[in-house]
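What follows is the residue order along each chain.
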Amino acid sequence: MADRYLHFTGTAPGRFLTRRLGLPRPAPLRRWSPGTPSLDGPLLHLTAGDSAITRELGALLATTGLDVTDRAERPAGIVLDATAVTAPGGLTAVHAALHPVIRSLAPGGRVVVVGVRPSADDHHQAAAQQALEGFTRSLGKEVGRGSTVQLLRIAPGAVAPTESTLRFLLSPRSAYLSGQVIELTPAAPDPVADWTAPLAGRTALVTGAARGIGASVAGVLARDGARVICLDVPQVRDELARTAEELGGTALPLDITADDTADRIAAAAPDGLDVLVHNAGITRDRRLANMPAERWTSVVDVNLDSVLRTTDALLKAGTVNRGGRIVATASIAGIAGNNGQTNYAASKAGIIGLVRALAPHAAADHGVTVNAVAPGFIETKMTAAVPLLIREAGRRMNSLAQGGLPVDVAETTAWFAQPASTAVNGQIVRVCGQSLLGA
């Protein structure tokens, strides 16, 4: 659905009125396209002190193909290495590095602050590194003009696995992510021969793939080289077949709650799955006092219980190959709650619990990573049906002052799915423009 307010604010009368009335002024986001695969400008690399990670990170950035410099008048992106900050005094260097350059960040720019996990043994270091979280979340609300800010925490001696994440965060693919904290674990990434097709030779299955976010996820995975199996309920068989045909994939009409789901998925992927995306979900909204048991049970069964059952069965059977990726769909409703959605919020919060608990065991026992996307307000047929005032509030109540698109969720999923993203495990990444809900 078109965002008429976003279009209006780009006109001369719109700019005048929004300035005079103090209204949100969203900037059109620059997303990935074949003609705009990367940021339009240099990447400024700054440091706040010196650590064992500093030189290694600098060397890695130099090999990514990004235009990295230590001096730029109009940088398209800024990477600040704050891994050396071990006490509150070190935060002065963070201010000193960014204060002179933050105004010069180009519209639609990217800021990535690199830190390390707060220590459980050194409360001074923990205080300083945790301070970076408040800093980046606040800066994300200040930069404006479609720019974003993230905090990336990496482990000492494990800089190499950050490449896929840096490439994603410092690109148009991350247009609707801001204010996120991403922690990487030490892990050896699988090599990527071609970064324009990082999923070449891999098989992916996406549930709920007939339309909306699921169809977009399937499309981006196919764009990145994957062979895609599109799964959705038999009631949308024709739409599912069209989506699969457009992508050169396979349609699998199947109710994800069926007892034989895992067996039928395994039969459709005789060589196993490299990427499993749990996107299927439903809503049956009512306040708890007015919600019959059927509405509660159906939502929990589709959104959570079927994900648990299918994942367990596919891992046990070895259908998800070693080096595989499991990506589940949570929601900011599961983080912040939502009026009239106790069932939906419970199911999506359950997905978060699933990911955090399963991720370390899946990696250790099966060589598989488990992560989740948590969409905020995404422009779909479902949100188009929301009453106007509520819809406008959902769009504007984030740092980018607009709704996201299905492709924003898809790009984040594709980053999780990359073979080079082995270090990204157990993460819940909100695709919400840094929503004020649950912030």
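Not measured: the values here are computed from a predicted model.

**Q** Looking at this model, I keep getting lost on the packing of helix H7 (residues 212–223) against helix H15 (residues 406–417). Mind explaining?
**A** Helix-helix packing is characterised by the crossing angle of the two axes and by the distance between the axes. Close contact between H7 and H15 brings their axes to 8 Å; oriented N to C, the two are set at 45°. Between H7 and H15, the crossing angle belongs to the class labelled oblique. For H7 against H15, the interelement crossing comes out right-handed. In this structure, H7 uses Gly212, Ile213, Ser216, Val217, Val220, Leu221 and Arg223 to contact H15, whose residues at the interface are Pro406, Val407, Val409, Ala410, Glu411, Thr413, Ala414 and Ala417. For the contact of H7 with H15, the per-class residue count stands at ten nonpolar, three polar and two charged.

**Q** I keep staring at empty space enclosed by the protein and nothing clicks. Help me out?
**A** The rolling of a water-molecule-sized probe over the atoms marks out the regions of remaining empty space. Following the criterion strictly, the structure yields one cavity of 30 Å³ or more and no others. When its volume is computed, the largest cavity comes out at roughly 40 Å³. Taken together, Gly140, Val143, Gly144, Arg145, Gly146, Ser147, Ser178, Ser399 and Leu400 make up the full set of residues lining the largest cavity. Among the residues making up the lining of the largest cavity, the classes are represented as two nonpolar, six polar and one charged.

**Q** Could you clarify how one ought to interpret a nonpolar patch on the surface in this entry?
**A** Together, Phe8, Phe16, Leu17, Leu21 and Leu23 make up a nonpolar patch on the protein surface, roughly 450 Å² of accessible area in all. Along the chain, Phe8 turns up in helix H1 (residues 4–8). Exposure remark for Phe8: the relative accessible area of 34% places this residue in the partly exposed category.

**Q** Sorry if this is basic, but what is going on with the nonpolar core here?
**A** Side chains of a nonpolar character, in soluble globular proteins, are inclined to be buried together. If you look at the biggest cluster of nonpolar residues, it comprises 55 residues, and the most contacted ones within it are Leu166, Val206, Leu221 and Val228. Every residue in contact with Val206, bar those within four places of it in the chain, is listed here: Gly214, Val217, Ala218, Leu221, Val228, Ile229, Cys230, Leu231, Val277 and Asn279. Counting 33 residues, the second-largest nonpolar core is a separate cluster that includes Ile229, Leu273, Ala362 and Ile428.

**Q** Sorry if this is basic, but what is going on with the sheet that holds strand S4 (residues 110–115) here?
**A** The strands making up a sheet are joined through hydrogen bonds of the backbone, oriented either antiparallel or parallel. Within the open sheet, the six strands sit side by side as S2-S1-S3-S4-S5-S6. Their pairing is parallel. Where the open sheet ends on each side, the last strands, each with one partner, are strand S2 (68–69) and strand S6 (180–183). Its contacts with the sheet place helix H5 (residues 123–140) against S4, strand S5 (148–153) and S6, and it is angled at close to 165° to S5.

**Q** Just to check I follow, could you spell out the pairing of S5 for this structure?
**A** For a regular strand, side chains alternate in direction, first toward one face of the sheet and then toward the other. Among the six residues in S5, six count as buried, and that is most of the element. By the alternation rule, side chains of S5 split into Thr148, Gln150 and Leu152 and Val149, Leu151 and Arg153, which are all buried. In the sheet, S4 pairs with S5 via six bridges, with the strands oriented parallel. Each bridged residue has a counterpart across the sheet, and for Val113 the counterpart in S5 is Leu151. Tracing the backbone out of S4, into H5 and back to the parallel element S5 gives a crossover that is right-handed.

**Q** Just to check I follow, could you spell out the sheet that holds strand S8 (residues 227–232) for this structure?
**A** The seven strands lie next to each other as S9-S8-S7-S10-S11-S12-S13, forming an open sheet whose pairing is parallel. What marks the edges here is a single partner per strand, and that holds for strand S9 (250–253) and strand S13 (428–431). Going from strand to strand, the sheet's axes swing by 20° on average, the running direction of each strand aside. In this structure, strand S7 (residues 203–207) lies alongside S8, joined through five bridges in parallel fashion. Residue pairing in the sheet places Thr203 in a bridge with Arg227 of S8. The sheet strands contacting helix H8 (residues 237–247) are S8 and S9, and the helix crosses S9 at an angle near 160°.

**Q** Any chance you could explain the side chain of Thr54 here in plain terms?
**A** Turning to its location among the elements, Thr54 is positioned in helix H3 (residues 52–62). Exposure remark for Thr54: the relative accessible area of 10% places this residue in the buried category. Within the structure, the side chain of Thr54 is placed 2.9 Å from the backbone nitrogen of Ser51, a separation counted as a polar contact. Side-chain polar atoms of Thr54 contact the side chain of Asp81, separated by 3.1 Å. In this structure Thr54 touches Thr47, Gly49, Asp81 and Thr83, once residues within four positions along its chain are discounted.

**Q** Honestly, H7 in this entry has me stumped. Any pointers?
**A** Residues three or four positions apart in an α-helix share a direction because the helix packs 3.6 residues into each turn. For H7, with twelve residues, the first-to-last C-alpha span of 17 Å sits near the 16 Å given by 1.5 Å per residue. Of the positions making up H7, those classed as buried are Ile213, Gly214, Ser216, Val217, Ala218, Val220, Leu221 and Ala222. Buried residues along H7 sit against S7, S8, H8, strand S10 (273–278) and H15. Of the residues flanking the end of H7, it is Gly225, one or two places downstream, whose phi is positive at about 105°.

**Q** How do you make sense of the environment of Val116 when you look at a structure like this?
**A** Among the structural elements, Val116 can be located in the loop between S4 and H5. Separated by 37 residues in sequence, Val116 and Arg153 have C-alpha atoms that sit 4.5 Å apart.

**Q** Any chance you could explain helix H12 (residues 342–366) here in plain terms?
**A** With 25 residues, H12 ought to run about 36 Å at 1.5 Å a step, and its terminal C-alpha atoms sit 34 Å apart, in line with that. The largest bend along H12 measures about 40° and falls at Leu358, with the proline Pro360 one to four residues further on. Where H12 is concerned, the buried positions are Asn343, Tyr344, Ala345, Ser347, Lys348, Ile351, Ile352, Leu354, Val355, Leu358, Ala359 and Ala362. Considering only its buried residues, H12 is in contact with helix H10 (293–317), strand S11 (320–329), helix H11 (333–336), strand S12 (369–375) and S13. Where H12 ends, the next residue or the one after it, Gly367, has phi of about 70°, a positive value.

The rules we used
Residues numbered from 1 in each chain as written. Predicted model: local features only at pLDDT ≥ 70, side-chain atom pairs only at ≥ 80, totals over all residues. Heavy atoms only, no water. Axes fitted to C-alpha atoms, helices over the stretch in contact; angles between N-to-C directions. Helix = DSSP H or I, 4+ residues; strand = E, 2+ residues; numbered from the N terminus. Parallel < 35°, antiparallel > 145°, perpendicular 65-115°, else oblique. Left-handed = near helix turned anticlockwise from the far one by under 90°. Contact = heavy atoms within 4.5 Å. Nonpolar A, V, L, I, M, F, W, Y, C, P; charged D, E, K, R; others polar. 1 Å grid on protein atoms, 1.4 Å probe; cavity = no way out; pocket = protein on both sides within 12 Å on 5 of 7 lines; lining within 4 Å. Points joined across faces, edges and corners; volume = space filled by probe spheres on them. Patch = residues over 30% accessible without salt bridge, like charges linked within 9 Å, V, L, I, M, F, W, Y side chains within 5 Å. Areas by Shrake-Rupley, 256 points an atom, 1.4 Å probe, with all protein chains shown as cover. Salt bridge = Lys/Arg side-chain N within 4 Å of Asp/Glu carboxyl O. Buried < 20%, exposed > 50% of the residue type's maximum accessible area, 1.4 Å probe, protein only. Core = buried A, V, L, I, M, F, W, Y, C linked by side-chain atoms within 4.5 Å. Pairing = 2+ DSSP bridges. Right-handed = clockwise from strand over helix to strand, strands pointing away. Polar contact = N/O pair within 3.5 Å; in protein donor to acceptor, adjacent residues only side chain to side chain. Expected span 1.5 Å × (residues − 1). Bend = angle between axes of the 7 residues up to and from the residue.

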